[in-house]
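Observations on the three-dimensional arrangement
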Amino acid sequence: MSGRPPIVHIEFRSSDFTRASAFYAQVLGWETQQNASATYMKLEGNDGLSTGWVRADLSQAPGPLAYLEVDDLNATLGQVEKAGGRIIVPRRPFAGGGEVALFADPDGNVLGLWARKKNAPAEKPAAAKAAAKPAQPPKAAAPAKPAKPAKPAAKPAKR
């Protein structure tokens, strides 16, 4: 990559994923999927920018957070400090073959940085992967199993 770093991902904060998912589904027709640990929710089938929501109590930014792709995370973090910014979250591994870091500019705006690991294969963006797969009809939900009847309370022992 050369030139100016592109914005490759944007995250929004949410204190209620159920509410956020319902809102964006109603207003924009967006479909979301929450991760198993209930800390992150991603936008499914987005044809553009990679997008998601992070649980508000885990967010390091006061508002939406844009991630920029850079070639050299250490060099960019050095430039941030040299130019008067501050590092909020130093580099850390990120699923999918990369590393991330967060910084604040001199005005307090928070931005994320993402760098692909040097030996990681270049992956297609999620939207390109989805476009390459033929559309699948939604799977029917498995029927719920009936609840087992409660066991009767144990009788007190005779003395």
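What comes next concerns the included structure.

Below, the discussion takes up the overall build of the chain. The number of helices and strands found in the chain is three helices and eight strands. The N-to-C order of helical and strand elements in the chain reads β-α-β-β-β-β-α-β-β-β-α. Per-residue burial for the chain yields a buried fraction of 26% across its 159 residues. Approximately 11,800 Å² of the chain is accessible, and the part contributed by carbon and sulfur atoms is 56%.

Let's shift gears to a nonpolar patch on the surface. On the surface, a nonpolar cluster with roughly 290 Å² of combined accessible area is contributed by Phe23, Val27 and Leu28. Leucine 28 sits in the partly exposed class, given a relative accessible area of 47%.

On to the packing of aromatic side chains, then. One pass over the structure, following the stated rule, counts five aromatic pairs. Look at phenylalanine 12 and tryptophan 53: their rings are 6.0 Å apart centre to centre, the planes differ by 35 degrees, and that puts the pair in the tilted class. Note that phenylalanine 12 is positioned in strand E1 (residues 7-14) and tryptophan 53 in strand E4 (residues 50-55), a separation of 41 residues in sequence. Ring centres of phenylalanine 23 and tyrosine 24 lie 5.0 Å apart, and the angle between their planes is 90 degrees; on these two criteria the pair is classed as edge-to-face. Members of the aromatic cluster, each reached through a chain of ring pairs, are Phe12, Phe23, Tyr24, Trp30 and Trp53.

Between its first and last C-alpha, helix H1 (residues 17-28) extends 16 Å over twelve residues, near the 16 Å set by a 1.5 Å rise per residue. The opening residue of H1 is aspartate 16, an N-cap whose side-chain oxygen sits 3.1 Å from the backbone nitrogen of threonine 18. Glycine 29, located one to two residues past H1, shows a positive phi value of around 75 degrees.

A few words on the pairing of strand E6 (residues 86-94). Relative to strand E7 (residues 98-104), E6 is paired through six bridges, and the arrangement is antiparallel. Across the sheet, residue phenylalanine 94 finds its bridge partner in E7, namely glycine 98.

Before going further, it helps to spend a moment on helix H2 (residues 73-82). Those residues of H2 lying buried are Leu73, Leu77 and Val80. The arc that holds every buried residue of H2, seen down its axis, measures 50 degrees, which confines them to one face. As for H2, its buried residues are in contact with E6, E7 and strand E8 (110-116).

Turning our eyes to something else, we now look at the sheet that holds E6. With mixed pairing, eight strands are arranged side by side in an open sheet as E2-E3-E4-E1-E5-E8-E7-E6. Both outer strands of the open sheet, strand E2 (31-34) and E6, are each paired with one neighbouring strand and no more. Between one strand and the next, the sheet's axes are offset by a mean angle of 25 degrees, whatever the strand orientation. The pairing of E7 with E8 spans seven bridges and is classified as antiparallel. Counterpart to alanine 101 in the pairing with E8 is leucine 113.

Its place among the elements puts histidine 9 in strand E1. Since its relative accessible area comes to 13%, histidine 9 is described here as buried. Side chain to side chain, histidine 9 and serine 50 meet in a polar contact 2.7 Å long. In this structure, histidine 9 is in contact with Tyr40, Leu49, Ser50, Thr51, Gly52, Leu65, Ala66 and Tyr67, ignoring residues within four places of it in sequence.

Within the secondary structure, serine 14 is located in strand E1. Excluding anything up to four places from it in sequence, serine 14 contacts Ala20, Trp53, Val54, Arg55 and Ala56.

Cut-offs used in this document
- Residues numbered from 1 in each chain as written.
- Predicted model: local features only at pLDDT ≥ 70, side-chain atom pairs only at ≥ 80, totals over all residues.
- Heavy atoms only, no water.
- Helix = DSSP H or I, 4+ residues; strand = E, 2+ residues; numbered from the N terminus.
- Buried < 20%, exposed > 50% of the residue type's maximum accessible area, 1.4 Å probe, protein only.
- Areas by Shrake-Rupley, 256 points an atom, 1.4 Å probe, with all protein chains shown as cover.
- Patch = residues over 30% accessible without salt bridge, like charges linked within 9 Å, V, L, I, M, F, W, Y side chains within 5 Å.
- Salt bridge = Lys/Arg side-chain N within 4 Å of Asp/Glu carboxyl O.
- Phe/Tyr/Trp six-rings, centres within 6.5 Å; stacked < 30°, edge-to-face > 60°.
- Expected span 1.5 Å × (residues − 1).
- Polar contact = N/O pair within 3.5 Å; in protein donor to acceptor, adjacent residues only side chain to side chain.
- Pairing = 2+ DSSP bridges.
- Arc of directions from axis to C-beta.
- Contact = heavy atoms within 4.5 Å.
- Axes fitted to C-alpha atoms, helices over the stretch in contact; angles between N-to-C directions.

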